[in-house]
Amino acid sequence: MAFDTLGLSEKVLAAVEAAGYKEPTAIQAGAIPQVLERRDVLGIAQTGTGKTASFTLPMLTLLEKGRARARMPRTLILEPTRELAAQVEENFEKYGTNHKLNVALLIGGVSFSEQDKKLDRGTDVLIATPGRLLDHFERGKLLLQGVEILVIDEADRMLDMGFIPDIERICKLIPFTRQTLFFSATMPPEIQRLTEAFLQNPARIEVAPTSSTSDNVTQLLKATGSKDFDKRAVLRELLEGAEDLQNAIIFCNRKRDVTTVFRSLERHEYNVGTLHGDMDQRTRMTMLDNFRKGNIKILVASDVAARGLDIPEVSHVFNYDVPINAEDYVHRIGRTARAGRKGTAYTLVTEDDHKYLSAIETLINKSLTWVGEPIDFETANKERKARRKTGKAAKSVKSSNDNEAEKPPAPSRRRSPPKPRQVVESSVEEDQDALAPIPVPKNPEPSGNRKSRNEKQEPAFSPGVHIPAFLLREPRPKKAS
Ligand code: AMP
C-alpha cells in the first residue's frame, strides 16, 4: 500500500517522502484514514510500530484548515513522560516542515513563563504531560474549550504512573464534540473502562499484542553467577564478543545497579552513558541526544527511564537482570529491531531467575536460546534446597549453643573481654571496579524548575533497595606520590 492512498494532504505526503518512508506501517494504514474521517480511534500498538506518525500525519492534514487563538489550543496530545512528549514534538517538526503551525510543549522541569508565552501566541498543537497541563489550567493560562482533537498516548504507561485520575479530569474539561485518538500497548481493565467512558464508537486498530516480540530480534540467554562482579564480567564478555555491535542499551532492574554498571564500564574505558529517573530533565535529554547521535555507544538504563523511547537503530539490548515483570522484557527488547531492522537481545540469567525466565517464555510463547552452557535449574534448585537444609541444621545447633550462652555465667567463671570485631573487606576488594565515585548530575535542577503540585514523580525504583555504605562514601583523596 502506498501513502498517497490514505487521504493525506500534499504537504504531508512531501514530508513523508523526505523522511524516506516507502510504505505505511500497519497502524498507519489502519488509523490514518479513520482519523481523516474524523472518527475516534482506539489504537492498540506499541512504540516502534510507527504509532506516532499514525496520529501526527493525519493531524497535520486536518490542521491545514483553521487558525489558532490565544490560550486556546486546537489539538492536545497527552504523553506520560517528558521524553515522549519531546519526541512527539520532534515528529511534528519533521513531518510539519511544510506547515506553519505553532507547536508548544508543556512539560515539567521547564519554567512556566516560556510556556505561558507560547500559549499566549496561540497553539495549533499542544503536547503535554498531564500534571503540567493541569497546572497551567489551574493558573488560568489555558482554555481547553477549543480542543478539536485529543490524543491520549501510551495509556497503559499513564496507568502505571498513576495519571488516570488526571486524564479523566482533562477529558471532562474538553468539549464532548472533540475527536479522541487513544493509544495503548495493552488493554488492562482500567484502560478498557476509560475507553468506554471517553471514546465514541471508535475504530479499533490492533497491530501486535504486547506478548509478541519481533522476529527481527535474535533473543539469547547467558548464564552467570549471581554476584555483581560475576555479572559485570559476563556483561563485558558479551559486549566484546557481540557481532556487529553498533550501540547498545543495558537494562538493570535496580537504580543502584544502573549506577554501578555504568561506573564499571566507564572504568573499563567503554564509551558509556546512563539514564535513570533521578536525573534532571536537561541531563536526560542531553544524554539521549548524545546516544542518538552516536557520541555515546552504550547506555545503561532503568525501565522507568527508557520505556517508550524511540531511539532508532539500536543494534543490541542487554538485560543485566532478568526483568521481574515479564512485559518489561517485551518492552526492553523492543528497543532494538525497530522499523524493520535487525537486532540482538542478550539476557543474563542466574540460578535464582527460573521463575522470571519461565514467565517470560510463557508470555512470548517461545523458548529462548542459550549462548554457552545453559543453567540446569532442576539441579540448581535441588542444591539450593539441600544448602538451605544444611544451613537450617547448622543454625539450630548454633541457636541451642546460643541459648546456653544466654544463661547467666556461673559465678566462678570469669568473662573474657570481647574480642574486637573483624571487618570483612574481601567482597569490597573483589569489587574494585565498583569503587569509582557516584557521578553527580552536572546540571542540578534550578530552583524555579521544582516539581509543582500536579507533577508526579516517575515511580521510584525498587523501593527499599539498600545501597551499601561503600558506594555512598566520598572517594578517598589520591595519595601524593
Ligand atoms: P514509533 O512507533 O512512532 O515510535 O516509530 C518508530 C520508528 O519508525 C521511528 O523511528 C519512525 O521514524 C519510524 N517510522 C515511522 N513510520 C515509518 C514508516 N512508514 N516507514 C519506516 N519507518 C517509519
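Placed above this text is the structure.
Residues numbered from 1 in each chain as written. Predicted model: local features only at pLDDT ≥ 70, side-chain atom pairs only at ≥ 80, totals over all residues. Heavy atoms only, no water.

Draft legend 1. Molecular detail of the pairing of strand β12 (residues 316-319). Of the two faces of β12, both are covered, the one formed by His-316 and Phe-318 as well as the one formed by Val-317 and Asn-319. Pairing geometry for strand β9 (residues 248-252) and β12, over four bridges, is parallel. Across the sheet, the residue bridging to Ile-250 is Phe-318, located in β12. Across four bridges, the pairing between β12 and strand β13 (residues 343-349) is parallel. Residue pairing for β13: Asn-319 is matched across the bridge by Thr-347. (Buried < 20%, exposed > 50% of the residue type's maximum accessible area, 1.4 Å probe, protein only. Helix = DSSP H or I, 4+ residues; strand = E, 2+ residues; numbered from the N terminus. Pairing = 2+ DSSP bridges.)

Draft legend 2. Spatial organisation of the sheet that holds β9. Taken together, the seven strands give an open sheet; going across it, the order is β10-β11-β9-β12-β13-β8-β14, and neighbouring strands pair in parallel fashion. If you trace the sheet from one side to the other, it starts and ends with β10 (272-275) and β14 (369-371), each paired once. Neighbouring strand axes in the sheet, compared pairwise and without regard to direction, differ in orientation by 25 degrees on average. Each of β8 (217-223), β9, β12 and β13 touches helix α14 (residues 326-333); the most contacted strand, β12, lies at about 155 degrees to it. (Axes fitted to C-alpha atoms, helices over the stretch in contact; angles between N-to-C directions. Contact = heavy atoms within 4.5 Å.)

Draft legend 3. Structural context of the site of the ligand. Among the 16 residues in the neighbourhood of the ligand, the closest are listed as Tyr-21, Gln-28, Gly-48, Gly-50 and Thr-52. Here a nitrogen atom of the ligand sits 2.8 Å away from a polar atom, N or O, in the side chain of Gln-28. A distance of 3.2 Å is found between an oxygen atom of the ligand and a backbone nitrogen or oxygen belonging to Lys-51. A total of 490 Å² of accessible area belongs to the ligand in isolation, and the protein chains cover 86% of it. When grouped by side-chain class, the residues that make up the shell around the ligand number four nonpolar, seven polar and five charged. A domain-level breakdown of the shell around the ligand finds at least three residues from each of domain 1 (3-206) and domain 2 (217-380). (Near = heavy atom within 4 Å. Polar contact = N/O pair within 3.5 Å; in protein donor to acceptor, adjacent residues only side chain to side chain. Areas by Shrake-Rupley, 256 points an atom, 1.4 Å probe, with all protein chains shown as cover. Nonpolar A, V, L, I, M, F, W, Y, C, P; charged D, E, K, R; others polar. Domains from an automatic or database assignment.)

Draft legend 4. The arrangement of the packing of α14 against helix α15 (residues 354-364) in detail. Running from N to C, α14 and α15 point in directions that differ by 65 degrees, and their axes come no closer than 8 Å. One finds that α14 runs roughly perpendicular with respect to α15. At the point where α14 passes α15, the crossing takes the right-handed sense. Only Ala-359, Ile-360, Leu-363 and Ile-364 of α15 make contact with α14, whose side of the interface consists of Ala-326, Glu-327, Tyr-329 and Val-330. (Parallel < 35°, antiparallel > 145°, perpendicular 65-115°, else oblique. Left-handed = near helix turned anticlockwise from the far one by under 90°.)

Draft legend 5. Broad picture of the packing of aromatic side chains. Taken as a whole and assessed by the stated rule, the structure comprises four aromatic pairs. Seen in terms of ring centroids, Phe-318 and Tyr-346 are 5.4 Å apart; in terms of plane orientation they differ by 5 degrees. Their pairing is stacked. Of this pair, Phe-318 sits in strand β12 while Tyr-346 sits in strand β13; the two residues are 28 residues apart in sequence, bridging distant segments of the chain. The pair formed by Phe-318 and Tyr-346 is uniform in burial state, with each residue classed as buried. We note Arg-132 situated over the ring of Phe-112; from NZ or CZ to the ring centre the distance is 3.8 Å. Its guanidinium or amino end placed over the ring of Tyr-320, Lys-231 lies 4.7 Å from that ring's centre, counting from NZ or CZ. (Phe/Tyr/Trp six-rings, centres within 6.5 Å; stacked < 30°, edge-to-face > 60°. Lys NZ or Arg CZ within 6 Å of the ring centre and 35° of its normal.)

Draft legend 6. Geometry of helix α11 (residues 255-267). Between its first and last C-alpha, α11 extends 19 Å over 13 residues, near the 18 Å set by a 1.5 Å rise per residue. Taken together, the buried positions of α11 are occupied by Asp-257, Val-258, Thr-259, Thr-260, Val-261, Phe-262, Arg-263, Ser-264 and Leu-265. (Expected span 1.5 Å × (residues − 1).)

Draft legend 7. Fine view of the pairing of β9. When you tally the buried positions in β9, you get five out of five residues, the bulk of the element. Residues of β9 alternate between two faces, with Ala-248, Ile-250 and Cys-252 on one and Ile-249 and Phe-251 on the opposite face, all of them buried. Pairing between β9 and strand β11 (residues 298-302): five bridges, direction parallel. Within β11, the residue paired with Ile-250 across the bridge is Val-300.

Draft legend 8. Local environment of the sheet that holds strand β4 (residues 125-128). Ordered in space as β3-β4-β2-β5-β6-β1-β7, the seven strands form an open sheet in which the pairing is parallel. In this open sheet, the two strands that pair with only one neighbour each are β3 (103-106) and β7 (203-206). Along the sheet, successive strands turn relative to each other by an average axial angle of 15 degrees, direction set aside. Sheet topology places strand β2 (residues 75-78) next to β4; four bridges connect them, and they run parallel. If you follow Leu-76 over to β4, its bridge partner there is Leu-126.

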